[in-house]
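Descriptive analysis of the structure
Each chain, letter by letter, is given below.
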Amino acid sequence: MTSDGAAQCAYQLTYPGSGLGWVCFEKYGDILWVTRSFYEDSQTSMRWVNQLKNSSGSWVDYRSGECINNLGESTWGVCNKDFYENSSLNALGGYGSRIAYKACTATSCSALSPWVYNDG
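Keep in mind that what you see is a predicted model, and the values were worked out from it rather than measured.

1. Some points on unusual backbone geometry
Although it is not a glycine, Asp-30 sits at a positive phi angle of roughly 55°. Turning to its location among the elements, Asp-30 is positioned in the loop between β3 (22-26) and β4 (31-36).

This is the structure we're talking about:
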């Protein structure tokens, strides 16, 4: 987790209730962004799931995790992942990679984002 600047996000979600921060996925570089405003006094995070298309053409859960921002108020946390590209042959023998995610505080999470195809 590092702190950084502005993101070029595919899809952005705000935290439930407060709307005072956001999470997003930046396709180029496979970067997960987690903001934390000075109004948010607890940990913020992005919970994510990555699916790959197998050789039969079915989507299969491949990886999942959580990117946590515990850097303090008014910070941006960054988690750098290495996802398969949507157009590349993947570990399951198919072509296709996508992720979906939620914006979470210590007590609740937003709804799941739409699937974002990783073709950065």
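2. As for the sheet that holds strand β8 (residues 97-104)
As summarised here, the arrangement of the four strands in space is β6-β5-β8-β9, forming an open sheet in which the pairing is antiparallel. Pairing within the sheet leaves two strands with one partner each, and these edge strands are β6 (59-69) and β9 (116-117).

3. Details of the state of the cysteines
By the definition in use, this model includes two disulfides. Disulfide pairing places Cys-104 opposite Cys-109 at an S-S distance of 2.1 Å. Where Cys-104 bonds to Cys-109 through sulfur, the torsion about that S-S bond is close to 105°, and the disulfide is right-handed.

4. Focus on the environment of Ile-31
Tracing the sequence through the fold places Ile-31 in strand β4. Sequence spacing of Ile-31 and Val-78 is 47 residues, and the spatial spacing of their C-alpha atoms is 6.6 Å. In contact with Ile-31, not counting residues within four places along its chain, are Cys-24, Phe-25, Glu-26, Val-78, Cys-79 and Asn-80.

5. As for the nonpolar core
Val-23, Phe-25, Leu-32, Met-46 and Tyr-101 are the most contacted members of the largest nonpolar core, which totals 15 residues. Per-element accounting of this core gives the leading share, three residues, to β8. Counting residues in hydrophobic clusters, the runner-up holds five residues, among them Cys-24, Ile-31, Trp-33 and Val-78.

6. Details of the pairing of β4
Judged by how many residues are buried, β4 sits mostly within the fold: six of six residues are covered. Across the two faces of β4 the burial is the same, with Ile-31, Trp-33 and Thr-35 and Leu-32, Val-34 and Arg-36 all buried. Pairing geometry for β3 and β4, over four bridges, is antiparallel. Looking at the pairing, Phe-25 lines up with Leu-32 of β4. Two successive antiparallel strands, β3 and β4, enclose a turn made up of four residues, where Gly-29 displays a positive phi of approximately 100°. Two strands pair when backbone bridges link them, and β4 and strand β7 (residues 75-80) are joined in this way by six bridges, in the antiparallel orientation. The residue bridging Leu-32 from the neighbouring strand is Cys-79, located in β7.

Procedures and definitions
- Residues numbered from 1 in each chain as written.
- Predicted model: local features only at pLDDT ≥ 70, side-chain atom pairs only at ≥ 80, totals over all residues.
- Heavy atoms only, no water.
- Helix = DSSP H or I, 4+ residues; strand = E, 2+ residues; numbered from the N terminus.
- Pairing = 2+ DSSP bridges.
- Disulfide = S-S within 2.5 Å.
- Contact = heavy atoms within 4.5 Å.
- Core = buried A, V, L, I, M, F, W, Y, C linked by side-chain atoms within 4.5 Å.
- Buried < 20%, exposed > 50% of the residue type's maximum accessible area, 1.4 Å probe, protein only.

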